[in-house]
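Here are the chains, one letter per residue:
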Amino acid sequence: MKVNLSSLDTCESSFTPLVVLELAQDVKEETKEWLKNRIVSKKEDGGAQLLFRPLLNKYEKETLENQNLYLVGASKITLLLGAEAIGLVKECNDNTMRAFTYGMRHNFKDFDDDNNDFLTMAECQFIIKHELENLRAREEKMIPGYPQAKLYPGKSLLRRLLTSGIVIQVFPLHDNEALKKLEDSWYTRFSLKYQPLDRIRGYFGETIALYFGFLEYFTVALIPMAVIGLPYYLFVWEDYDKYVIFASFNLIWSTVILEVWKRGCASMTYRWGTLVMKRQFEEPRPGFHGVLGINPVTGREEPLYPSYKRQLRIYLVSLPFVCLCLYFSLYVMMIYFDMEAWALSLHESSGSEWTSILLYVPSIIYAIVIEIMNRLYRYAAEFLTSWENHRLESAYQNHLILKVLVFNFLNCFASLFYIAFVLRDMKLLRQSLATLLITSQILNQIMESLLPYWLQKKHHVQVKRKVQALKADIDATLYEQVVLEKEMGTYLGTFDDYLELFLQFGYVSLFSCVYPLAAAFAVLNNFTEVNSDALKMCRVLKRPFSEPSANIGVWQLAFETMSVISVVTNCALIGMSPQVNALFPESKLDLILIVVAVEHALLALKFILAFAIPDKPRHIQMKLARLEFESLEALKRQQMKLMAQNLKEDSREGNKEEEA
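Residues numbered from 1 in each chain as written. Predicted model: local features only at pLDDT ≥ 70, side-chain atom pairs only at ≥ 80, totals over all residues. Heavy atoms only, no water.

Trainee: Even after reading the chapter, I still don't get the overall build of the protein, so can you show me in this structure?
Mentor: Check the secondary structure of the protein and you find 21 helices and ten strands. Counting over 660 residues, the protein shows a buried share of 49%. Within the protein, contacts between residues separated by at least 24 positions form 72% of all contacts whose residues are at least 6 apart in sequence. With an accessible surface of roughly 33200 Å², the protein has 62% of that area assigned to carbon and sulfur atoms. (Helix = DSSP H or I, 4+ residues; strand = E, 2+ residues; numbered from the N terminus. Buried < 20%, exposed > 50% of the residue type's maximum accessible area, 1.4 Å probe, protein only. Contact = heavy atoms within 4.5 Å. Areas by Shrake-Rupley, 256 points an atom, 1.4 Å probe, with all protein chains shown as cover.)

In structure tokens:
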């Protein structure tokens, strides 16, 4: 299903389908006609200027099910102008990366009027999504045929149609030929090799490619920690000085890997064009609503919403709700400790093998409860963040991530901190950490990949049978693909994937001196995680829309914050060890001062390393500086040209006055 841009025309019945739009079965004809007109109308008339047709013709509708499936495409000119509108960056003939402009299109590498590969299919689908999301109400007061579905100027039509149940879903189609090639080079043949990140980016977009790049990098970076941690666990060393060495290495390691990742990420995203992509004038997110007005910065027409109203919603509703959830999480944690005390007392009274196994049951139950609470809280956090009405998608994601991270951090690690610093039971800490880590990894593998894959295979067989039983004389290939993909689960973004790695990083770094084997379990999990996530993306879930990204966003700050907290926890744990306390039998104040001094020294070392390692490689810095210089020079030339024109006009007017 390659996108041949030259073959896309304005004929409704002849275009390459890129996106599927599914309507509810009982949608009225006047609503369908109105939606079609808004999608195909010209932009000056408030439309998206896209191509639109039903999946089935009139005869096929009488024979087949799924009558309300529609295919969306775009003409060549619409895609290229859309690429310019979203600021898509492509490589020029002089090997520099520049924002694509239609007027200068022949200056870009690989551009040709008959070229099939200048815009990837993922980029074309992203452009169509952008156009659909920016369809906004103008004069309409309601959706035709649905008086209860009110509209007001500036409201996103697609979002209103989705919330009203008129549009069921919008999703991009897979390219089966390209997908098969990607799978063959990615995960179908098990081998220890790097992932084809450029191919992943070409098919799924930069955001997903960056996630898989970070997952691969993080897994490789964990190997030294796993190798060094194995002897500490196998030989059960109790000397504190050995753990000081291991913890110090851990803290330096966590800083270096995060700084080196930023350099590698900058190189990748420059090559992909997203590092220099201008994002400061982001379009409003589809869920953003307000009174239609003119943006004073861009001069574009868009919804406007007072920031003070958003702040009131955050501080008077969202913040108290988050605090209430945190309190409930701590309450559940105390119930867990009551269960631990009951299991321990039962084991001490009987001393049987069965009761020794029972000691692990409270931790396993608590790990399952943590996963359930995390998922329930995630839904509540999404609702609250959407209700806060953030203008930009980046602002929405940052507030959502902050809410979820705070809760997940407390929910997953509060019990470990309580055991370490209140109960001071290192044996229970080691047992609880191992149980939480292993249980969460097993649950994630089952819930994210294995169970959805089994359900999807079962559904695929059912669809195959239905298609083979069709009596209609049609080419059922596209019909089968669309019907199969529409029933697939929806990929909700990289949020949960990064969150899983963030919590894993916490288990590895926060209590490394207590359970050095955590890194080894993380490596084993991540080797399977790469393949299970790849399978999930290619065969289990719908193809997600591509999203440009220059880095992993706020997650970089989250990982760096976790590494700083790990310095404090490891220093405190070593300071509490019996061996260290034996060195200061009389004065605990000296011990505290020394631990604080060591902790400050390690933090200083971390910040020195972070400062000493540049975020971008030298050659990338030079290319970015060159682009900035050329942009300033172009602006100067434009200003000089404008001044010359003004002087010329003033001179003409002066001559006319003298003649008069």
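Trainee: For this particular structure, what's the right way to read the UniProt feature "transmembrane region" (unreviewed entry) in the protein?
Mentor: With numbering aligned to this structure, UniProt lists the feature "transmembrane region" (unreviewed entry) at residues 208-237, 243-261, 314-337, 357-377, 400-421, 501-524 and 591-613. Regarding residues 314-337, the helix share stands at 100% and the strand share at 0%, and the terminal C-alpha atoms are separated by 33 Å. Secondary structure across residues 501-524 divides into 67% helix and 0% strand, with the first and last C-alpha atoms of the span separated by 13 Å. (UniProt positions renumbered as here; feature names shortened; annotations may be inferred.)

Trainee: What should I look at first to understand the sheet that holds strand S1 (residues 19-23) in this one?
Mentor: Paired through their backbone hydrogen bonds, the strands of a sheet run either parallel or antiparallel. Taken together, the four strands give an open sheet; going across it, the order is S2-S3-S1-S8, and neighbouring strands pair in antiparallel fashion. Each edge of the sheet is formed by a strand with only one pairing partner; in this case those strands are strand S2 (51-54) and strand S8 (167-172). Within this sheet the neighbouring strands show an average axis-to-axis angle of 20 degrees, counted without direction. Pairing analysis gives four bridges linking S2 to strand S3 (residues 69-73), with the strands arranged antiparallel. The residue bridging Pro 54 from the neighbouring strand is Tyr 70, located in S3. Sheet contacts for helix H1 (residues 29-40): S1, S2, S3 and S8; angle to S1, the most-contacted strand, approximately 155 degrees. (Pairing = 2+ DSSP bridges. Axes fitted to C-alpha atoms, helices over the stretch in contact; angles between N-to-C directions.)

Trainee: Please clarify how helix H20 (residues 588-612) should be interpreted in this entry.
Mentor: Three or four residues apart is the spacing at which side chains of an α-helix point the same way, because the helix has 3.6 residues per turn. Across its 25 residues, H20 extends 36 Å between first and last C-alpha, which sits within 8% of the 36 Å expected from 1.5 Å per residue. Along H20, the positions that sit buried rather than exposed are Leu 591, Val 595, Glu 599, Leu 602, Leu 603 and Lys 606. (Expected span 1.5 Å × (residues − 1).)

Trainee: What's the story with the pattern of salt bridges in this structure? I'm lost.
Mentor: This structure, assessed with the given rule, holds 24 salt bridges. A salt bridge links Lys 90 to Glu 123; the nearest nitrogen and oxygen atoms lie 3.2 Å apart. Placement of the pair is Lys 90 in strand S4 (residues 89-91) and Glu 123 in helix H4 (residues 121-133), with a sequence separation of 33 residues. The exposure class of Lys 90 is buried, given its relative accessible area of 13%. The shortest N-O distance in the salt bridge between Lys 536 and Asp 497 comes to 3.3 Å. Of the two residues, Lys 536 is situated in helix H17 (residues 518-540) and Asp 497 in helix H16 (residues 495-509); the sequence distance between them amounts to 39 residues. In this structure, Lys 536 and Asp 497 share a single accessibility class: buried. (Salt bridge = Lys/Arg side-chain N within 4 Å of Asp/Glu carboxyl O.)

Trainee: I tried to follow the nonpolar core on my own but got confused; where do I start?
Mentor: As a rule of thumb, soluble globular proteins bury nonpolar side chains together. The biggest cluster of nonpolar side chains holds 104 residues, and the ones touching the most others in it are Trp 186, Ile 200, Phe 204, Phe 502, Tyr 507, Phe 511 and Trp 555. In terms of residues, this core owes the most to one element, helix H8 (residues 206-234), which gives 13 residues. When we break this core down by domain, the ones giving at least three residues each are domain 2 (196-279 + 423-616) and domain 3 (296-391). Excluding residues within four positions of it along the chain, Tyr 507 makes contact with Cys 412, Phe 413, Leu 416, Leu 433, Leu 436, Leu 437, Ser 440 and Ala 518. Val 19, Ile 143, Ala 149 and Ile 166 belong to the second largest nonpolar core, which has 44 residues in total. (Core = buried A, V, L, I, M, F, W, Y, C linked by side-chain atoms within 4.5 Å. Domains from an automatic or database assignment.)

Trainee: In this structure, what is going on with the pairing of strand S7 (residues 146-150)? I would like to understand it.
Mentor: Along any regular strand the residues' side chains alternate between the sheet's two faces. Judged from the two bridges that link them, strand S6 (residues 142-143) and S7 form a sheet pairing that is antiparallel. By the bridge assignment, Ile 143 is partnered in S7 with Tyr 146. The loop that links S6 with its antiparallel partner S7 comprises two residues; one of these, Gly 145, has a positive phi angle of about 90 degrees.

Trainee: How should I be thinking about the side chain of Glu 22 in this particular structure?
Mentor: Mapped onto the elements, Glu 22 comes out in strand S1. Overall, the relative accessible area of 10% leaves Glu 22 in the buried class. A polar side-chain atom of Glu 22 sits 2.6 Å from a polar atom in the side chain of Gln 169. The contacts of Glu 22, once residues within four sequence positions are left out, are Asn 68, Leu 69, Ile 166, Val 167, Ile 168, Gln 169 and Lys 486. (Polar contact = N/O pair within 3.5 Å; in protein donor to acceptor, adjacent residues only side chain to side chain.)

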